[in-house]
Amino acid sequence: MSVSTKNTAAAAAEEQHHAWPVRVTHWLMALSVLTMVGSGWRIYNASPIFPFTFPEWATLGGDVEAALARHNDPGVASAIAWHFAGMWALVLAWLGFVLWGVVSGHFRRDFLPVGPKTFWRDFVAALTFRLEHRLGEYNAVQKAFYWGALLAMFGLIVSGLAIWKPVQTYPLEVLFGGFQGARIVHFLLMAAICGFIAVHIALVALVPRTLLAMILGHASVPAKQEHQP
Amino acid sequence: MITRRTFAGRTLSLGALTFLTGCDISDDDAVQAALARVSAWNDRVQAWVFNGNRLAPTFAESEVVRDFRYNAYYQADRAPMLDEADYRLMLAGRIADKKLWTVARLRELPMQSQITRHVCVEGWSMIGKWTGTPLRIFLERIGADLTAGYVGFECADGYYEGIDMATALHPQTLMAFQISDQTLPAKFGYPLKIRIPTKLGFKNPKFVTTLYVTNQRPRGFWTDRGYNWFSGL
């Protein structure tokens, strides 16, 4: 259920546990975020807000040429269908993850405490490849990133709602500086999530066993593989 | 100890893995059917969320875009040029008085203006000024069955659309005859466009030649091409 570390000299084995609600909501979030980003890029390309577009192969929504030939649509219909299906999965997964994190104590135990001082220390260490990544123990950078990712997803959901329903939720868009502002915020938060995913995957690459823990629920490092202090 | 090299190698292989899973499955029939089912669910959610009394935001004259963007599935020079002498608005379906309407007769209807925002499904938006008759007033005048489910439109440019009755009766849903205080130019749908500030732009048909009231959900040009039917804002 929780992330636990046995870090004494006698038993140096590292262990990581993930309860099934964490694993299910984690993977559902991962899948829905990928869907939202891929389809979102295709939708963005239809009316870019910055002077660039995303390469078509990186977007979700089917064969553009075929859609154009068939009925004059640049594959945006499918992208929007994905986007408005993925949003339910994302909201459900996010709510599930946060609810479980709060109720089970997972957030309190594993995502806290995190302060600017420890964050900076671990951040510099990470950038210089000197950060010790111990299975089952989150460093301050990770903790801050998990909070950031959860917050970014919340912001994406709220700004997305403002864009999807600008009449029914009207005062909401004022929070983002208008309809266009909501689109820009939605985009920037997407970029933040992409940055998070890149770092997240990099950290998994550092400690591949953590991927096993997120799939199977448990992973450990044998006691003989001791880390440097 | 993890070296830069193993780190780079692992990152690359994980990255490759995510790209592999990204291969596009959108064109699969089963996937399309599943997406259509979610879209139908989204129709129900949107109809439930829609508040018939909630007005779309309105804006100041100074915010009106004078050179309004042209948008259709064909180039502007191919827009139909309807002749006032020949034009008749036909009525069909659950309507008591199906007499044809000429442009002159339409012009006698009570008019009002609105400065609202047109939001395109692509993401761009534009503030415009439209003048016309609330569709509700027209529906009441022709004795339309207001308990019916939908109002549908057929257009001179081959376009077709339909909306739910709740939206048809919304106070800001207009039969628009003017844009920016000018009679609708050909490219903007002369003589009649349906202006619905609570719907995405593609639910605002131009060159309307037939209006019908029905309990069968009308087709929509872009809905038939995979876009969400309700498309409310």
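As a reminder, the structure under discussion sits directly above these lines.
Residues numbered from 1 in each chain as written. Chains lettered and ligands numbered in written order. Predicted model: local features only at pLDDT ≥ 70, side-chain atom pairs only at ≥ 80, totals over all residues.

Draft legend 1. Seen up close, the overall build of chain B. Each helix and strand counted, chain B has five helices and nine strands in total. Of the regular secondary structure in chain B, the N- to C-terminal order runs α-α-β-α-β-β-α-β-β-α-β-β-β-β. Buried residues in chain B amount to 37% of all 233 residues. Across chain B, contacts joining residues at least 24 apart in sequence account for 71% of those joining residues at least 6 apart. (Helix = DSSP H or I, 4+ residues; strand = E, 2+ residues; numbered from the N terminus. Buried ≥ 20, exposed ≤ 12 C-beta atoms within 10 Å, placed from the backbone. Contact = placed C-beta atoms within 7 Å.)

Draft legend 2. Main features of the interface of chain B and chain A. Tallying the contact residues gives 36 residues for chain B and 34 residues for chain A. Every element with two or more residues in the side of chain B that touches chain A is listed here: helix H1 (4-21) and helix H2 (29-49) of chain B. A per-element tally of the side of chain B that touches chain A places H1(B) first, with six residues. In terms of residue class, the side of chain B that touches chain A is built from 17 nonpolar, 12 polar and seven charged. (Nonpolar A, V, L, I, M, F, W, Y, C, P; charged D, E, K, R; others polar.)

Draft legend 3. Highlighting the sheet that holds strand E1 (residues 90-93) of chain B. Residue and element names in this part refer to chain B. Pairing is mixed across the open sheet formed by four strands, whose spatial order is E1-E9-E4-E5. Edge strands, defined here as strands with exactly one partner in the open sheet, are E1 and strand E5 (160-164). Strand-to-strand twist of the sheet, defined as the mean angle between neighbouring strand axes without regard to direction, takes the value 20°. Looking at chain direction, strand E4 (residues 150-155) and strand E9 (residues 208-214) are connected through six bridges and run antiparallel. Bridging across to E9, Tyr150 finds its partner in Thr214. (Pairing = 2+ DSSP bridges. Axes fitted to C-alpha atoms, helices over the stretch in contact; angles between N-to-C directions.)

Draft legend 4. Local environment of the environment of Thr210(A). Residues and elements named next belong to chain A. Tracing the chain through its elements places Thr210 in helix H9 (residues 209-216). Distance in space between the C-alpha atoms of Thr210 and His17 is 9.3 Å, their sequence separation being 193 residues. With residues up to four places along the chain from it excluded, the contact list for Thr210 reads Gln16, Leu135, Val204 and Ala219.

Draft legend 5. Highlighting the nonpolar core. Within the largest apolar cluster, 69 residues are counted, with the highest numbers of intra-cluster contacts made by Ile80(A), Leu90(A) and Val208(B). Tallying contributions element by element places helix H3 (residues 76-104) of chain A first for this core, with 13 residues. (Core = buried A, V, L, I, M, F, W, Y, C linked by C-beta atoms within 7 Å.)

Draft legend 6. Region of the structure containing the pairing of strand E2 (residues 112-119) of chain B. By the bridge criterion, eight bridges tie E2(B) to strand E3 (residues 125-134) of chain B in an arrangement that is antiparallel. Paired with Ser113(B) across the bridge in E3(B) is Thr131(B).

Draft legend 7. Expanded view of H3(A). With 29 residues, H3(A) extends 41 Å from end C-alpha to end C-alpha; this agrees with the ideal 42 Å at 1.5 Å per step. Just downstream of H3(A), Gly105(A) is the residue with a positive phi angle, here 90°. (Expected span 1.5 Å × (residues − 1).)

Draft legend 8. Local environment of the packing of helix H6 (residues 140-164) of chain A against helix H8 (residues 178-206) of chain A. Residue and element names in this part refer to chain A. One can describe the packing of H6 onto H8 by two numbers: an axis separation of 9 Å at closest approach and a directional angle of 150°. Relative to H8, the element H6 lies roughly antiparallel. In the packing of H6 onto H8, the handedness of the crossing is left-handed. Taken together, the residues of H8 that come into contact with H6 (itself represented by Gln142, Phe145, Gly148, Ala149, Ala152, Met153, Gly155, Leu156, Ser159, Gly160, Ala162 and Ile163) are Ala182, Arg183, Val185, His186, Leu189, Met190, Ala192, Ile193, Phe196, Val199 and Leu203. (Parallel < 35°, antiparallel > 145°, perpendicular 65-115°, else oblique. Left-handed = near helix turned anticlockwise from the far one by under 90°.)

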